[in-house]
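Next come the chains, spelled out residue by residue.
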Amino acid sequence: MFRLPRIQSALLTTLTLAPAVAFALTGCAGAPNTTSEPGDVAIVIHGGAGTIRRGDLTPELEAAYRSALEEALSAGHVVLRQGGSSLDAVVAAVQVMEDSPLFNAGKGAVFTSEGTNELDAAIMEGKTLMAGAVAGVRRVKSPIALARAVMEQSPHVMMAGAGAETFAMDQGLEIVDPAYFFTQRRWDALQRAKAEETGPQVTAHFRDPDDKKFGTVGAVALDSDGNLAAATSTGGMTNKKFGRIGDAPIIGAGTYANNKSCAVSATGHGEYFIRATVAHDICARVAYSGISLQQAADEVVMKELVEMGGEGGIISLDRQGNIATPFNSEGMYRGSIDKTGKMVIQIYRD
Ligand code: ASP
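Residues numbered from 1 in each chain as written. Predicted model: local features only at pLDDT ≥ 70, side-chain atom pairs only at ≥ 80, totals over all residues. Heavy atoms only, no water.

## Things to note about the site of the ligand
Our working rule: Proximity is defined per residue: any heavy atom of the residue falling within 4 Å of a molecule or strand makes that residue near it. Within 3.5 Å is the distance limit for a polar contact, defined as a pair of N or O atoms, with the added protein rule that one can donate a hydrogen and the other accept it, and that residues adjacent in sequence qualify only through two side-chain atoms. Only the protein chains shown count as covering a residue, and every accessible area follows the Shrake-Rupley method with a 1.4 Å probe. Residue classes follow a fixed rule: Ala, Val, Leu, Ile, Met, Phe, Trp, Tyr, Cys and Pro count as nonpolar, while Asp, Glu, Lys and Arg count as charged, and any other residue, Gly among them, counts as polar.
Lining the immediate surroundings of the ligand are Asn-104, Phe-214, Gly-215, Thr-216, Gly-236, Met-237, Arg-244, Gly-246, Asp-247, Thr-267, Gly-268 and Gly-270. A distance of 2.7 Å separates a nitrogen atom of the ligand from a polar side-chain atom of Asp-247. Contact with the protein chains removes 100% of the 270 Å² of surface that the ligand exposes when unbound. For the shell around the ligand, the residue count by class is two nonpolar, eight polar and two charged.

Here it is as structure tokens:
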């Protein structure tokens, strides 16, 4: 038996557009600068990969996604342009998406097979190789803030469940009623996934059977000191067994950053990303074989993962500001502002 959310009346019947951000690209990015001098900054974000084809989204929904991605990019880029750290930038970008019901992270997270929301997140700093991660938290409004607190305020790398929540309270982080995470859209997706179950086993309908996509959010950034950081936050996968932990909080699987190579955040079918140690493998290929970030990312996402049957994609960034965002699914919500200040937001394979 799965439980009903406590506040059935708090249904989100329409996806509300985040307040439009007054984000003039030229104003935000400053004068174009194509050199690689210190002081150059860059940020890349994703809001999930999956079967996202042109025509699948209504114009209104597509506009809402683009607006939310732009708002997240802007939040992170402003931090970088003001001389803030890549760590601050990835947290700022991810928190915008955690707060948006459009994405499977924070508000809008998918439901477990028990009808609960269990959230995972991780963050890593490329300069120090410090990392923090949380798994299976149910009452922390911003799991990425908690992951950062684990990294900076505890001697540990990963904390889970009730203990992680107690730590969140100790740290003064915002605690919410579990009903905060409820959205009708995700609840309906769980019902559809359950209806498609045929036997006593939980069917691996991890993806939302309605829109067939993953919705994890993530960000990677390069700050003016030349430091990389990566952050990922997720509700996991629809109809996941309670207690299941995905790749997002596993350092080296869904999240990794190392100034010697690159920063990576992933989205996709986590079980495959864990077994392929995707994020670390990409960075290791860059470090050990000296190949480009694009080649390393393509090898792992478009070859290794595909051979295993793992669907999804990644965003990545190196210290030179090179960006690679391969995905082997139909689409991936993604955006970037590169070192020249050019902003790109894309959804489809285009
Ligand atoms: N990678 C996430 C997980 O397996 C799902 C996603 O990308 O949406 O938990």
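## Overview of the sheet that holds strand 9 (residues 312-317)
Spelled out, the test is: For two strands to count as paired, DSSP must find a minimum of two bridges between them. Numbering of helices and strands runs from the N terminus; a helix is a DSSP stretch of H or I covering at least four residues, while a strand is a stretch of E covering at least two. By definition, residues are in contact when any of their heavy atoms lie within 4.5 Å. Axis definition: a line fitted to C-alpha atoms, over the contacting stretch in the case of helices. Angles run 0 to 180 degrees between N-to-C directions.
Here four strands make up an open sheet; going across it, the order is 7-8-9-10 and the pairing antiparallel. Whereas interior strands pair on both sides, the edge strands pair on one side only; in this sheet they are strand 7 (255-257) and strand 10 (323-324). Across two bridges, the pairing between strand 9 and strand 10 is antiparallel. Residue pairing for strand 10: Ser-316 is matched across the bridge by Ala-324. Each of strand 9 and strand 10 touches helix 9 (residues 293-308); the most contacted strand, strand 9, lies at about 160° to it.

So, to be careful, I would describe these as geometric facts and stop short of saying anything about function.
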